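Here is what each chain is made of, one letter per residue.
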Amino acid sequence: VQLQASGGGLVQAGGSLRLSCTASGRTISNYHMSWFRQAPGKEREFVSAITRSRSTYYADSVKDRFTIFRDNAKNTVYLQMNSLKAEDTAVYYCATSAGLIISSLGNKNQYNHWGQGTLVTVSS
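The shown structure was predicted, so the numbers you read here are calculated from the model rather than taken from an experiment.

Thresholds applied
Residues numbered from 1 in each chain as written. Predicted model: local features only at pLDDT ≥ 70, side-chain atom pairs only at ≥ 80, totals over all residues. Heavy atoms only, no water. Helix = DSSP H or I, 4+ residues; strand = E, 2+ residues; numbered from the N terminus. Rg over C-alpha atoms; globule rule 2.2 N^0.38 Å. Buried < 20%, exposed > 50% of the residue type's maximum accessible area, 1.4 Å probe, protein only. Contact = heavy atoms within 4.5 Å.

I'd like a description of the overall build of the protein, backed by residues and values.
Scanning the protein from terminus to terminus reveals zero helices and 11 strands. When the helices and strands of the protein are read in sequence order from the N terminus, they spell out β-β-β-β-β-β-β-β-β-β-β. Relative to the 2.2 N^0.38 estimate, which gives 14 Å for 124 residues, the radius of gyration of the protein is 13 Å and therefore close to what a compact globule would have. Referenced to the eigenvectors of the C-alpha coordinate spread, the extents of the protein come out at roughly 40 × 25 × 25 Å. In the protein, buried positions account for 45% of the 124 residues. For the protein, restricting intrachain contacts to residue pairs at least 6 apart in sequence, the fraction spanning at least 24 positions comes to 57%.

In structure tokens form, the structure reads like this:
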């Protein structure tokens, strides 16, 4: 499966952005889908995940501000980001893998399909 992330940009603190991740090659309805991010000089970290059954998971740092959802008909997963902070500045990646289990969703080493990343810059 190939993943294409888009929607990043420059936004002021307190603003909103919606990221999209469109898949090709396979239908995402059979996959758990996740977002990770990587800030300059830091390791890639888990942001959010949505399972095949639409259960959602969030890092504590984005809970109540970010919302993940999926449109299987469009083969796309979204990340709605509200109340953005300067510390949300990062390259955001969507990811998936066959055979993911719920307990491993936050582990970047369990993923073997990654999008190319989209840069989100939040100015304070």
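Let us keep going from here.
Residue-level account of unusual backbone geometry, with values.
Notably, Arg54 is not glycine yet its phi reads approximately 75°, a positive angle. If you trace the backbone, Arg54 turns up in the loop between strand S5 (45-50) and strand S6 (56-58). Judged by relative accessible area, Arg54 falls into the partly exposed class, the value being 45%. The residue Asn75 is not glycine, and still its phi comes out positive at about 55°. Looking at where Asn75 falls in the secondary structure, it is placed in the loop between strand S7 (66-71) and strand S8 (76-81). A relative accessible area of 14% means that Asn75 is categorised as buried.

Please give an account of the side chain of Ser104 that cites residues and values.
Turning to its location among the elements, Ser104 is positioned in the loop between strand S9 (90-96) and strand S10 (113-114). Exposure remark for Ser104: the relative accessible area of 10% places this residue in the buried category.

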